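# What the coordinates show
Chain by chain, the residues run as shown.
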Amino acid sequence: MTDNDTRDLIIIGGGPAGYTAALYAARANLHPLVIEGVGWGGQLMITSDVENYPGYVEGILGPEMMRDFRTQAERFGAEFLTEDVTSVDFSERPFRISVGDDEYRARAVIVSTGASARQLGIDSERELQGKGVSYCAVCDAFFFRDKEVVVVGGGDSAMEEAIFLTKFATKVTVVHRRDDFRASPIMLDRARANEKIEFVTNAVVEEVLGEEGRVTGVRIRDLNTGETTDLPAGGLFVAVGHDPNTKLFLEQLEHDEPGYLITQQGSTATNIPGVFAAGDVVDHVYRQAVTAAGTGAMAALDAERFLAAEEGHEAAALAAPRIEAEEAEAPLAVTSSGRAGSARASV
């Protein structure tokens with residue numbers, strides 16, 4: 001197969017969802033091409049220790065885990081292109097995906113480009129990512145046991161992160177640039193009622209302080225007076241929102257107001273037949289590696305079933321309806337003997 005032949009499946013994006021989809025698709029002999037992007041691996045590439053993914057008993061570094069995912073998919077024949085997609089055309093099939101001047105065609109496409117955590121945009125933040133700067137309390141809170149930490153943000157996500165962190169940290173300071181909060185009243189009340197949480201308002205983080213490659217505190221600036229203060233902290237959690245990486249698809253795929261792609265209920269199918277979406281491009285609630293991987297598997301199975309049905313042998317697909325499942329869903333009928341039984345006739 002040459003690069004310009006029409007492929008069964010192209011997966012756009014590399015990360016837990018994309019690589020899991022590639023693994024399942026490759027094992028189903030769909031010969032997927034994964035256009036993983038220059039920033040392959042997603043947010044886990046800036047994550048240090050991952051201890052909540054099943055199977056890694058001793059934990060693993062985020063980049064190492066993504067290499068494992070990628071290598072496993074490659075073992076079964078998935079191909080990879082470490083370039084960024086520049087445009088897509090889903091108006092007709094085969095679908096067309098452009099990478100610069102090169103065009104690739106596919107009968108089915110899985111979009112798994114993920115989401116990006118919004119950052120503060122200061123140099124010291126980038127330098128200390130994975131070394132005390134985090135964007136996910138559920139992922140990293142365990143590493144800050146018995147430490148003081150700072151959370152930046154004023155919405156529900158910031159309150160949720162702060163409350164969760166109190167299970168591990170000795171003190172959580174929430175820094176917000178205004179007096180009023182975007183968080184819902186109930187979440188704000190819960191945070192204020194927690195004795196471990198303190199608030200610093202009308203302030204911004206100006207610098208993340210560190211020694212020997214670890215966060216030691218943050219320098220905040222009072223927006224009213226201009227004065228700066230150093231807060232000691234073992235970690236900084238930035239909770240100012242996420243942005244789905246869906247700009248390329250918004251004119252062709254249905255999406256909600258923030259830009260997350262919308263899929264059909266109980267499926268990864270989008271509004272365009274043959275185009276599926278998985279991972280953080282559709283998930284603004286959980287945003288975990290394990291849930292992204294799960295939807296990646298679903299997308300590959302949905303794509304396999306779609307292609308098999310198109311070829312007239314849907315029953316051969318791994319995701320084909322199982323007879324026992326159909327029987328379980330069949331309504332019960334009363335037989336002549338008065339006993340309940342399946343309404344489905346035996347064949």
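As the structure is a prediction and not an experimental result, all values here were calculated from the model.

## With respect to the sheet that holds strand β15 (residues 214-222)
Taken in spatial order, the 3 strands line up as β14-β15-β16 in an open sheet, and their pairing is antiparallel. In this open sheet, the two edge strands, each paired with only one partner strand, are β14 (203-211) and β16 (228-232). For this sheet, the mean angle separating the axes of adjacent strands, direction not counted, is 30°.

## Some details on the packing of aromatic side chains
Counted according to the given criterion, the structure contains 11 aromatic pairs. Centre to centre, the rings of phenylalanine 142 and phenylalanine 143 are 6.1 Å apart; their planes meet at 80°, and the pair counts as edge-to-face. What makes phenylalanine 142 partly exposed here is its relative accessible area of 45%. A ring pair is formed by phenylalanine 144 and phenylalanine 237, whose centres lie 5.1 Å apart and whose planes are at 70°; its orientation type is edge-to-face. Taken together, the residues span a long stretch of sequence, with phenylalanine 144 in the loop between α4 (137-140) and β11 (148-152) and phenylalanine 237 in strand β17 (residues 235-238) at a distance of 93 residues. For the pair shown, phenylalanine 144 and phenylalanine 237 are each scored as buried. Aromatic ring contacts, followed pair by pair, group Phe142, Phe143, Phe164 and Phe168 into a single cluster. Over the ring of phenylalanine 76 we find arginine 27; its NZ or CZ atom is 5.3 Å from the centre of that ring. One residue, arginine 70, lies across the ring of tryptophan 40, its end atom 5.5 Å from the ring centre.

## A short note on the side chain of glutamine 129
Within the element layout of this structure, glutamine 129 appears in the loop between α3 (123-127) and β10 (133-134). On the basis of relative accessible area, glutamine 129 is assigned to the buried category, the value being 16%. Looking at glutamine 129, its side chain comes within polar contact range of the side chain of tyrosine 135, at 3.0 Å.

## So, the state of the cysteines
Evaluated as defined, the whole model comprises 1 disulfide. Shown here is the disulfide that connects cysteine 136 with cysteine 139, its sulfur atoms set 2.2 Å apart. Handedness here is read from the sign of the S-S torsion; for cysteine 136 and cysteine 139, about 70°, the answer is right-handed. Overall, cysteine 136 belongs to the buried group, its relative accessible area being 16%.

## Things to note about unusual backbone geometry
Here the bond from arginine 93 into proline 94 is cis, since omega is 0°, no more than 30 degrees from zero. Look at asparagine 29: it is not a glycine, yet its phi comes out positive at around 60°. Along the chain, asparagine 29 turns up in the loop between α1 (16-27) and β2 (33-35). You can call asparagine 29 exposed: its relative accessible area is 56%. A positive phi angle is found at histidine 31, which is not glycine, with a value near 50°. Among the structural elements, histidine 31 can be located in the loop between α1 and β2.

## Here we look at the nonpolar core
In terms of nonpolar packing, the biggest core is built from 34 residues, with Leu9, Ile11, Tyr53, Met65, Phe69, Ile110 and Phe276 touching the most fellow members. When residues of this core are traced back to their parent elements, those giving at least two are β1 (6-12), α1, α2 (62-75), β8 (102-111) and α7 (289-310). When neighbours within four sequence positions are excluded, phenylalanine 276 is seen to be in contact with Ala108, Val109, Ile110, Val111, Thr268, Ala269, Thr270, Ala299, Asp302, Ala303 and Phe306.

## Observations regarding the confidence of the model for the protein chain
Mean pLDDT over the protein chain stands at 89; residues scoring 70 or higher make up 89%. Overall, residues 332-347 carries pLDDT values under 50, and its contacts beyond four positions in sequence, including any with other chains, amount to 17 contacts.

## Regarding the sheet that holds strand β13 (residues 197-200)
Across the sheet, which stays open at both edges, the 5 strands sit in the order β10-β17-β11-β12-β13 with parallel pairing between neighbours. Either end of the sheet is taken by a strand with one partner, and the two such strands are β10 and β13. Relative to β17, β11 runs parallel, the two being bridged by 4 bridges. Across the sheet, the residue bridging to valine 149 is glycine 235, located in β17. Against the sheet, helix α5 (residues 156-165) contacts β11, β12 (171-175), β13 and β17, and its axis sits at roughly 170° relative to β11.

## Focus: the pattern of salt bridges
Applying the stated criterion across every chain, the model contains 15 salt bridges. In this structure, the salt-bridge partner of arginine 105 is glutamate 103, at a minimum N-O distance of 3.9 Å. Accessibility expressed as a relative area gives 23% for arginine 105, which makes it partly exposed. Taking relative accessible area as the criterion, glutamate 103 reaches 29% and is therefore assigned partly exposed. In this structure, aspartate 230 engages arginine 219 in a salt bridge whose closest nitrogen and oxygen atoms are separated by 2.7 Å. Taken together, the residues aspartate 230 in strand β16 and arginine 219 in strand β15 connect sequence positions 11 residues apart. Bridged by salt links that share partners, the residues Asp8, Arg93, Arg107, Glu310 and Glu311 form one connected network.

Cut-offs and rules
- Residues numbered from 1 in each chain as written.
- Predicted model: local features only at pLDDT ≥ 70, side-chain atom pairs only at ≥ 80, totals over all residues.
- Heavy atoms only, no water.
- Pairing = 2+ DSSP bridges.
- Helix = DSSP H or I, 4+ residues; strand = E, 2+ residues; numbered from the N terminus.
- Axes fitted to C-alpha atoms, helices over the stretch in contact; angles between N-to-C directions.
- Phe/Tyr/Trp six-rings, centres within 6.5 Å; stacked < 30°, edge-to-face > 60°.
- Buried < 20%, exposed > 50% of the residue type's maximum accessible area, 1.4 Å probe, protein only.
- Lys NZ or Arg CZ within 6 Å of the ring centre and 35° of its normal.
- Polar contact = N/O pair within 3.5 Å; in protein donor to acceptor, adjacent residues only side chain to side chain.
- Disulfide = S-S within 2.5 Å.
- Core = buried A, V, L, I, M, F, W, Y, C linked by side-chain atoms within 4.5 Å.
- Contact = heavy atoms within 4.5 Å.
- pLDDT = per-residue confidence, 0-100.
- Salt bridge = Lys/Arg side-chain N within 4 Å of Asp/Glu carboxyl O.

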